Amino acid sequence: MKPRLATVWLGGCSGCHMSFLDMDERLIELASKVEVVFSPIADVKTFPADVDVTLVEGAVSTVEHEEMASLIRRRSRFVVSFGDCATTGNVTAMRNRFSPDEILHRAYVELADGDPTVPSEFTTIAKLLPKARPLHEFVRVDAFLHGCPPTADEIWLAVSSLVEGRIPELPNVYQRYG
Amino acid sequence: MAILTLTIDDQPVSGTETETLLEVARQHGIEIPTLCHLDGLTDVGACRLCLVEIEGASRLQPACTTRLQEGMVVRTNTERLQRYRRTIVEMLASEGNHHCAVCVSNNHCELQDLAYTVGLQYVRVPYLYPAKTLDATHKDFVIDRDRCILCSRCVRVCHEVEGAHTWDIAGRGIGCEIISDLKQPWGQSTTCTSCGKCVLVCPTGALFEKGATVAEMEKRTEFLRYIVNARQRREWNPDLLHEE
Ligand code: SF4
Ligand code: SF4
Ligand code: FES
């Protein structure tokens, strides 16, 4: 059976997933090596069981993200912080100096074109955690891919070794911080 | 002056009693990571990255402020020191608000460089996301305290080289911050000469030129050596040169 790969999009801009797609023709090789069982670019609604490798883009920023993070951990063998927002909070964590109420007021009242109202029910908008935080502060993480976003080469190297069951040892050129 | 001999990382080295372990190590090609040290400024031992083990001493000592002694046996890169250095960088990262991807100093930052040097994969201590302030009242420059690691290079260059002493450190412990004059807005400072030396020596994106955007702020610290050398040799005062 082929290794089962998942990619998840939490509090990020999807740039890391764009970089994933930048693997270009290597995606065809990847598709022959792994089965993609969950991803924002696949039509799957629930996170499946028995996943071998999960790449997680983005910081943990909402209650839903937090629940998702723990589900991913329970159901995956390797969990990877995929990019800087997952690793450090990065851009997503820039909101942390303001409270969720201040942020919602800014977005839905101060910057509103018409009908300035903060949605009172969290049915349409996600319930924000007090702060956006890196993934490893919620669940154990096995490997980190740095970069905003990580390069396609780096993702390729990491995924290739992870699906073979090895924690990637990335060459120094990929060492970044932040 | 007497020549002292000692051992650094099993290598026999020599120097004089006015020299520091850091200077002598570097002369012999032994690299010790530093952050608050800058050639041309007085060393204060603030960042603790250059800590080394000295045989017979119970505590670790900063290489930048420790003078040579005859027969010292020094280790600069033990497993324990590597672990401590990594922890220091992690604490620096967690005590500020570093969002490198959108920082003026991205890719030209000494803190980032150090993070690679110590092999930082992720920060194990919780991020504090402290509420820090930014002052953009100066006509040419900005200080963003989110990125400040309190190395005090700006304080020292302003006091020792420019002679203005605009900057100081106020507060205690984790609440320390860099202030201008008596905590007045930088733009209203009566001591600042707008020379920009503090901006050039700041190792991070905390001090930058107005108008610089993401990754555009490259610092140049070489100027400091020229000024300090010229001053020591009195190259700028023809009368004094004549007298000598
Ligand atoms: S000062 Fe350096 S470490 Fe801090 S955000 Fe800027 S680039 Fe990153
Ligand atoms: S502003 Fe820059 S030079 Fe001054 S203490 Fe902070 S990091 Fe160091
Ligand atoms: S460089 Fe020695 S303590 Fe900072």
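Quick caveat, the model's predicted, so the values are computed rather than measured.

Q: Tell me about the sheet that holds strand β2 (residues 35–38) of chain A, and please be specific about residues and values.
A: Backbone hydrogen bonds hold the strands of a sheet together, and the pairing may be parallel or antiparallel. All names here are of chain A. If you trace the five strands from one edge of the open sheet to the other, you get β2-β1-β3-β5-β7, paired in parallel fashion. Whereas interior strands pair on both sides, the edge strands pair on one side only; in this sheet they are β2 and β7 (143–145). Strand-to-strand twist of the sheet, defined as the mean angle between neighbouring strand axes without regard to direction, takes the value 30 degrees. Bridge count for strand β1 (residues 4–9) against strand β3 (residues 51–57) is five bridges, and the pairing is parallel. In the sheet register, Ala6 faces β3, and the bridge partner there is Thr54. With respect to the sheet, helix α3 (residues 63–75) is in contact with β1, β2, β3 and β5 (76–82), its orientation differing from that of β5 by roughly 135 degrees. Of the strands in this sheet, β1, β3, β5 and β7 are in contact with helix α6 (residues 152–163), which crosses β3 at around 155 degrees.

Q: Account for the site of ligand 2, naming residues and giving values.
A: Close to ligand 2 lie 13 residues, the nearest being Cys148, Cys151, Ser152, Cys154 and Cys202 of chain B. Residues that form the shell around ligand 2 fall into these classes: ten nonpolar, two polar and one charged.

Q: Describe the pairing of strand β7 (residues 141–144) of chain B, with residues and values.
A: On a regular strand, each side chain points to the face opposite its neighbour's, so the side chains alternate between the two faces of the sheet. All names here are of chain B. With burial as the criterion, each face of β7 is covered, one bearing Phe141 and Ile143 and the other bearing Val142 and Asp144. With two bridges joining them, strand β6 (residues 134–135) and β7 adopt antiparallel strand pairing. If you follow Asp135 over to β7, its bridge partner there is Ile143. Between the end of β6 and the start of β7, which pair antiparallel, lie five residues. Bridge count between β7 and strand β10 (residues 207–209): three bridges; the pairing is antiparallel. Residue Phe141 lies in a different strand from β10, and its bridge partner there is Glu209.

Q: Give me the lowdown on the pattern of salt bridges, citing residues and values where you can.
A: All names here are of chain B. Per the stated rule, a full pass over the model turns up 22 salt bridges over all chains. Among the ionic pairs, Arg80 bridges to Glu53, the shortest N-O distance being 3.1 Å. Placement of Arg80 in helix α2 (residues 79–95) and of Glu53 in strand β3 (residues 51–54) is noted, with a sequence separation of 27 residues between them. The shortest N-O distance in the salt bridge between Arg83 and Glu79 comes to 3.1 Å. Taken together, the residues Arg83 and Glu79, both in helix α2 and four residues apart, mark about one turn of the helix. On the basis of relative accessible area, Arg83 is assigned to the partly exposed category, the value being 39%. Classification of Glu79 as exposed rests on a relative accessible area of 52%.

Q: So what's going on with the packing of helix α2 (residues 26–33) of chain A against α6 of chain A? Which residues, and what values?
A: Residues and elements named next belong to chain A. Contact pair α2 / α6: the axes reach a minimum separation of 12 Å and the direction vectors enclose 15 degrees. In terms of axis orientation, α2 runs roughly parallel to α6. Our pair here, α2 against α6, has a crossing hand that is left-handed. On α6, the residues touching Arg26, Glu29, Leu30 and Lys33 of α2 are Ala152, Asp153, Trp156, Val159 and Ser160.

Q: Quick rundown of the site of ligand 1? Include the residues and the values.
A: Around ligand 1, the structure places His98, His99, Cys100, Cys103, Ser105, Asn106, Cys109, Leu111, Gln112, Arg147, Thr204 and Gly205 of chain B. Along the lines of polarity and charge, the residues of the shell around ligand 1 split into four nonpolar, seven polar and one charged.

Q: Can you break down the domain arrangement of chain B residue by residue, with the values?
A: All names here are of chain B. For chain B, the domain assignment lists domain 1 (3–77) and domain 2 (84–242). Here domain 1 meets domain 2 over a buried area of about 1700 Å², counting both sides, of which 65% is carbon and sulfur. Counting every contact that joins domain 1 to domain 2 gives zero salt bridges. Between the two partners, domain 1 and domain 2, sit eight residue pairs in polar contact (both at pLDDT 80 or more). When its residues are assigned to classes, the side of domain 1 that touches domain 2 shows 14 nonpolar, six polar and three charged.

Q: How would you sum up the environment of Gly96 of chain B? Please name residues and give values.
A: Residue and element names in this part refer to chain B. Of note, Gly96 is situated in the loop between α2 and α3 (110–117). Each C-alpha atom of the pair Gly96 and Ser189 lies 25 Å from the other, and the pair is 93 residues apart in sequence. Sequence-distant contacts of Gly96, that is, excluding residues within four places in its chain, are made with Pro130 and Asp146.

Q: So what about the environment of Glu121 of chain A? Which residues, and what values?
A: Residues and elements named next belong to chain A. Secondary-structure assignment places Glu121 in the loop between α5 (100–110) and β6 (128–133). The class for Glu121 is exposed, based on a relative accessible area of 53%. Counting along the chain gives 26 residues from Glu121 to Arg95, while the straight-line C-alpha distance between them is 21 Å.

Rules behind the numbers
Residues numbered from 1 in each chain as written. Chains lettered and ligands numbered in written order. Predicted model: local features only at pLDDT ≥ 70, side-chain atom pairs only at ≥ 80, totals over all residues. Heavy atoms only, no water. Pairing = 2+ DSSP bridges. Helix = DSSP H or I, 4+ residues; strand = E, 2+ residues; numbered from the N terminus. Axes fitted to C-alpha atoms, helices over the stretch in contact; angles between N-to-C directions. Contact = heavy atoms within 4.5 Å. Near = heavy atom within 4 Å. Nonpolar A, V, L, I, M, F, W, Y, C, P; charged D, E, K, R; others polar. Buried < 20%, exposed > 50% of the residue type's maximum accessible area, 1.4 Å probe, protein only. Salt bridge = Lys/Arg side-chain N within 4 Å of Asp/Glu carboxyl O. Parallel < 35°, antiparallel > 145°, perpendicular 65-115°, else oblique. Left-handed = near helix turned anticlockwise from the far one by under 90°. Domains from an automatic or database assignment. Buried area = accessible area lost by both parts, 1.4 Å probe. Polar contact = N/O pair within 3.5 Å; in protein donor to acceptor, adjacent residues only side chain to side chain.

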